[in-house]
Amino acid sequence: MHDFSPEQIDALCQRRCAFALYALPGQKPHFCMQADGGMRNGCEGKGFVIAAYNAAPAIIGAELSPPPAPQQFEPLPAPLPQHPATTREQYHHLFTQYTAALQHGGSLNKVVLARTEDTATRQFSPAEGFLHLCNTAPRAFNVLFHTPQHGTWLCSTPELLLRCENHTWHTMALAGTRTNATTAWDAKNLQEHALVAEHILDCLRPVADNISTEGPLTLAAGKELEHLCTHIHFDMDAANLPHLLSTLPPTPAVSGSPATAARTFIATHPDIERSCYAGYMGPIGEQSAHLYVTLRCMQVFADRCRLYAGGGLMPDSEEAAEWAETVAKMQAMRHVLRQCSR
């Protein structure tokens, strides 16, 4: 049993307020909202943090649970996307542009190319979609969040950014993707993974102690995909969290390598309006944090849902394989749409 109804949550998604409904891996859903329906800048206090791609975080204070009556908040206009979804032709153009930069012999080693795909919907329930994800992907971090600035997002992500429990911190390098297979990981994925792991370690060394690694290991992500994962454990004073969040994300897993050069390249050669995709979110407290990268996600609009996916390009990447990887990464959200649209 839950202390909310799907109808109540769906109605809040149509109001001028901010909230998060989330379930940590293996745990029950939890609702988070401020009494005034707002947010505040930063990542201090107890609540739910949301940061768009390459943007500063904001936090929804943990003041209300269960959810309030939606009528307390002003209605929002029906949301519509500001930009069209990615076409296959646009993806081809960007792939050619990105790989040419990688092959040019400059500083870039990897760049992440992202794309979007729209699916028309009728009477799709974000709340029922969230509950479906909790039932079918209990090992992921499942989230439905809504703000007037970002809109309504549904996410089922496997990628941990930072976790702190009992003063012990944990993060992971998650990069390298394949469909479930018995063959060894290829050189492209191994190199891509190594770039991400080294960036994370570089960010940790100035602020952390007793850093240890485990991996790379093969991590299943749903029924179809596997990723390379290195777990990283460390000690850190919680006062260093804001500084670490200013340097760590977006990691090379969602931007490229070297991180600064890749972020600059993407900004000058934009693929999509990333918004919350490849940002991060999650609950924090005085002595705890569970922050995840916003992947395997979609944005809910009045007449459609927009799915997001990306892949890390290396100099020898093949376009057909990279496109197929994005198709596979969108499957979880496609399944939600099939099951929860009337």
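As a reminder, the structure under discussion sits directly above these lines.
Residues numbered from 1 in each chain as written. Predicted model: local features only at pLDDT ≥ 70, side-chain atom pairs only at ≥ 80, totals over all residues. Heavy atoms only, no water.

Q: Help me understand the packing of helix 3 (residues 126-136) against helix 8 (residues 331-340) in this model?
A: The N-to-C vectors of helix 3 and helix 8 enclose an angle of 120°; their axes lie 10 Å apart at closest approach. As far as their axial angle goes, helix 8 and helix 3 are oblique. The handedness of the crossing between helix 3 and helix 8 comes out as right-handed. Counting all contacts with helix 3, which are made through E128, G129, H132 and L133, the residues of helix 8 involved are M333, H335, V336, Q339 and C340. Looking at side-chain class alone, the contact of helix 3 with helix 8 contains four nonpolar, four polar and one charged residues. (Axes fitted to C-alpha atoms, helices over the stretch in contact; angles between N-to-C directions. Helix = DSSP H or I, 4+ residues; strand = E, 2+ residues; numbered from the N terminus. Parallel < 35°, antiparallel > 145°, perpendicular 65-115°, else oblique. Left-handed = near helix turned anticlockwise from the far one by under 90°. Contact = heavy atoms within 4.5 Å. Nonpolar A, V, L, I, M, F, W, Y, C, P; charged D, E, K, R; others polar.)

Q: Could you clarify how one ought to interpret the pairing of strand 1 (residues 19-23) in this entry?
A: Across a regular strand the side chains alternate sides, sitting on one face of the sheet and then on the other. In terms of residue burial, strand 1 counts as a mostly covered element, since five of its five residues are buried. With four bridges connecting them, strand 1 and strand 2 (residues 30-33) associate as antiparallel partners. For L21, the partnering residue across the bridge sits in strand 2 and is F31. Sheet topology places strand 1 next to strand 7 (residues 141-147); five bridges connect them, and they run antiparallel. Bridging across to strand 7, A20 finds its partner in F145. (Buried < 20%, exposed > 50% of the residue type's maximum accessible area, 1.4 Å probe, protein only. Pairing = 2+ DSSP bridges.)

Q: What exactly am I supposed to notice about the sheet that holds strand 1 here?
A: Whether parallel or antiparallel, the strands of a sheet pair through hydrogen bonds between backbone atoms. Strands sit in the order 2-1-7-8-16-17-6-13 across an open sheet of eight strands; the sheet is antiparallel. A strand with exactly one partner marks an edge of an open sheet, and here the two such strands are strand 2 and strand 13 (256-257). Taken strand by strand, helix 2 (residues 88-103) contacts strand 6 (110-120) and strand 17 (304-313), and its axis lies near 170° from that of strand 6. Here helix 4 (residues 187-204) sits on the sheet and contacts strand 6, strand 13 and strand 17; the angle it forms with strand 6, its principal contact strand, is near 100°.

Q: Looking at this model, I keep getting lost on the sheet that holds strand 10 (residues 168-179). Mind explaining?
A: Here nine strands make up an open sheet; going across it, the order is 3-5-4-14-15-9-10-12-11 and the pairing antiparallel. At either end of the open sheet lies a strand with only one pairing partner, and these are strand 3 (40-41) and strand 11 (209-221). The pairing of strand 11 with strand 12 (residues 225-235) spans nine bridges and is antiparallel. Each residue of the ladder has a partner; that of T213, found in strand 12, is I232. Packing against the sheet, helix 4 makes contact with strand 10, strand 11 and strand 12, and its axis sits at approximately 165° to strand 10.

Q: So what exactly am I meant to see when it comes to empty space enclosed by the protein here?
A: Space left empty within the atom packing is revealed by a probe, the size of a water molecule, rolled over the atoms. Counted according to the given criterion, the structure contains two cavities of 30 Å³ or more. Quantified by volume, the largest cavity comes out at close to 250 Å³. In terms of lining residues, the largest cavity is bounded by 21 residues, among which A253, L295, R296, G310 and K329 are the most central. Looking at the lining of the largest cavity, the elements with two or more residues in it are strand 10, helix 4, strand 17 and helix 7 (319-329). Take the lining of the largest cavity: its biggest share by element is five residues, from strand 17. Residue classes in the lining of the largest cavity are distributed as nine nonpolar, six polar and six charged. Considering only enclosed or pocket space, the second largest cavity measures out at about 30 Å³ in volume. Taken together, L161, P249, P250, T251, V254, A278, G279, Y280 and V293 form the lining of the second largest cavity. Its residues assigned to classes, the lining of the second largest cavity comprises seven nonpolar, two polar and no charged. (1 Å grid on protein atoms, 1.4 Å probe; cavity = no way out; pocket = protein on both sides within 12 Å on 5 of 7 lines; lining within 4 Å. Points joined across faces, edges and corners; volume = space filled by probe spheres on them.)

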